[in-house]
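Below are the chains, spelled out letter by letter.
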Amino acid sequence: MRKKWLTAIALAGFGFLMFVVVSLNLWASQPVVPELPAQSEPVPSTIPVSELQYEVYTLPQSIVHTLLIPTGERFTVVPAIAPSANTIEEFAVEYRAIAAINGGFFDPENLKSTSYVVLNGEQVADPRDDELLVSNPQLIPYLDKIFNRTELRQYRCRQTIRYDIALHEQAAPPDCELLSALGGGPRLLPELTSVQEGFWHVVDGQILRDPLGIERPNARSAVGITREGNIILAMVAQQPEAPANSGMSLSELADCLKNLGAEQAMNLDGGGSASFYFGGEAVYGKVDEAGDPVVRSVKSVLLVRENS
């Protein structure tokens, strides 16, 4: 694999901002890169692997890893879940996946999934089975919302495979069979639904619930769907030089997915769980005070596999 080091110097405000981006290319041609949020004009690093498009954006407060998976019969995006928990690399190696991103939420104490997971039409994870979740007195007022959060779904509609983002209790479209699903939340696009899904509760200016730190920058993961039905995976890593104040808020993450071409998008587990695998390498979103990546095992993932 050839490596080309590209340096771009951009004028921003009254100062100069330098972005150094590594560009790894297997082919000479590069796809058109959508504009990211107005906070910067990054130079993308692209590795097309056949039809897949992997890009890395170095921004002032984050490093964004994205993968575009085209609609069609060659690739499939499906969830996987571990009996306990695995690193993103362990998931990818076990399932021989081309790529992987961390998935839904889970309880760090008993390692039970707090997000729904459906595999081959069968529900294999149910947040109602987590006794620590359902018996937590602080969460009881929000359980109805927690049990009806958004999920990425894979349908077979007659002879066509398609993806959608829907609330858990939403019925499948007519003539469509649910093949797989991975819960997360909140929905990012076409609108942010943090309140409706029990992630955000404010009364008279006082924050009563905010488990995701919605307005604070942090490592994040998300999945989006374009108008054409393509899937976008995005993992936002913190900058090692300023871990405490880097990453993205949820609204910034939504803007990022929109600028990448997504019309629908859903947040996945983030913070220390944010992780991404592609090209035989794993990258982790959260960094510690020394600037080193935090490697955490996760309960579920989304896998990108090539159909045989």
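1. What to know about the state of the cysteines
On inspection of all chains with the given rule, the structure shows one disulfide. A disulfide bridge connects Cys 157 with Cys 176, and the sulfur atoms are separated by 2.0 Å. Every disulfide takes its handedness from the sign of the S-S torsion; for Cys 157 and Cys 176 that torsion is 110°, giving right-handed. In this pair, Cys 157 is assigned in strand E10 (residues 150–157) and Cys 176 in strand E12 (residues 176–183), connecting sequence segments 19 residues apart.

2. Some words on the sheet that holds strand E6 (residues 75–86)
Taking strand neighbours across the sheet as the criterion, the five strands line up as E6-E21-E7-E19-E20 in an open arrangement whose pairing is antiparallel. Each having just a single partner strand, E6 and strand E20 (281–284) make up the two edges of the open sheet. Between one strand axis and the next, the sheet turns by 20° as a mean value, whatever way the strands run. Summarising the sheet, E6 and strand E21 (residues 298–306) pair through eight bridges and their orientation is antiparallel. Looking at E21, one finds that Val 78 is bridged to Leu 303. Running over the sheet, helix H1 (residues 88–95) touches E6, strand E7 (99–102), strand E19 (275–278), E20 and E21 and is turned about 120° from E6.

3. Details of the environment of Phe 75
Within the secondary structure, Phe 75 sits in strand E6. Note on Phe 75: relative accessible area 6%, which makes it buried. As for Phe 75 and Arg 305, which are separated by 230 residues in sequence, their C-alpha atoms are 5.7 Å apart. With sequence-adjacent residues up to four places away left out, Phe 75 is seen in contact with Glu 51, Leu 52, Ile 69, Pro 70, Ile 98, Arg 305, Glu 306 and Asn 307.

4. With respect to the packing of aromatic side chains
Counted under the stated rule, the structure contains three aromatic pairs. Taken together, a centroid distance of 4.8 Å and an interplanar angle of 45° make the contact between Tyr 54 and Phe 278 tilted. Placement of Tyr 54 in strand E4 (residues 52–58) and of Phe 278 in strand E19 is noted, with a sequence separation of 224 residues between them. For Tyr 54, a relative accessible area of 10% corresponds to the buried category. Relative to Phe 199, the ring of Phe 105 lies with its centre 5.7 Å away and its plane at 45°, an arrangement referred to as tilted. Note that Phe 105 is positioned in the loop between E7 and strand E8 (117–119) and Phe 199 in the loop between strand E13 (187–189) and strand E14 (201–203), a separation of 94 residues in sequence. Overall, Phe 105 belongs to the buried group, its relative accessible area being 10%. Taking relative accessible area as the criterion, Phe 199 reaches 2% and is therefore assigned buried. Taken together through their ring pairs, the aromatic side chains of Tyr 54, Phe 276 and Phe 278 make up a single cluster. In this structure, Arg 149 is placed above the aromatic ring of Phe 199, and the distance from its NZ or CZ to the ring centre is 3.6 Å. Over the aromatic face of Tyr 142 sits the side chain of Arg 209, whose NZ or CZ is 5.2 Å from the ring centroid.

5. Quick look at the pairing of E19
Burial along E19 is two-sided: Ser 275 and Tyr 277 and Phe 276 and Phe 278, pointing in opposite directions, are all buried. Two elements, E7 and E19, share three bridges in a ladder whose sense is antiparallel. Each bridged residue has a counterpart across the sheet, and for Ala 100 the counterpart in E19 is Tyr 277. In this structure, E19 lies alongside E20, joined through four bridges in antiparallel fashion.

6. A look at the sheet that holds E10
Strands sit in the order E9-E8-E12-E10-E11 across an open sheet of five strands; the sheet is antiparallel. Of all the strands in the sheet, the pair left with one neighbour each is strand E9 (122–125) and strand E11 (160–167). Across the sheet, the axes of successive neighbouring strands diverge by a mean angle of 35°, strand direction being ignored. Sheet topology places E8 next to E9; three bridges connect them, and they run antiparallel. Bridging from a neighbouring strand, Val 118 pairs with Gln 123 of E9.

7. Some thoughts on the side chain of Arg 149
Relative to the helices and strands, Arg 149 resides in the loop between helix H3 (143–146) and E10. Buried charge without a partner: Arg 149 forms no salt bridge, and the closest opposite charge is Glu 197, 5.0 Å away. Looking at Arg 149, its side chain comes within polar contact range of the main-chain oxygen of Glu 197, at 2.8 Å. With sequence-adjacent residues up to four places away left out, Arg 149 is seen in contact with Ala 166, Leu 167, His 168, Gly 184, Glu 197, Gly 198, Phe 199 and Arg 209.

The rules behind these values
- Residues numbered from 1 in each chain as written.
- Predicted model: local features only at pLDDT ≥ 70, side-chain atom pairs only at ≥ 80, totals over all residues.
- Heavy atoms only, no water.
- Disulfide = S-S within 2.5 Å.
- Helix = DSSP H or I, 4+ residues; strand = E, 2+ residues; numbered from the N terminus.
- Pairing = 2+ DSSP bridges.
- Axes fitted to C-alpha atoms, helices over the stretch in contact; angles between N-to-C directions.
- Contact = heavy atoms within 4.5 Å.
- Buried < 20%, exposed > 50% of the residue type's maximum accessible area, 1.4 Å probe, protein only.
- Phe/Tyr/Trp six-rings, centres within 6.5 Å; stacked < 30°, edge-to-face > 60°.
- Lys NZ or Arg CZ within 6 Å of the ring centre and 35° of its normal.
- Lys, Arg positive; Asp, Glu negative; His and termini not counted.
- Salt bridge = Lys/Arg side-chain N within 4 Å of Asp/Glu carboxyl O.
- Polar contact = N/O pair within 3.5 Å; in protein donor to acceptor, adjacent residues only side chain to side chain.

These figures capture arrangement, not role.
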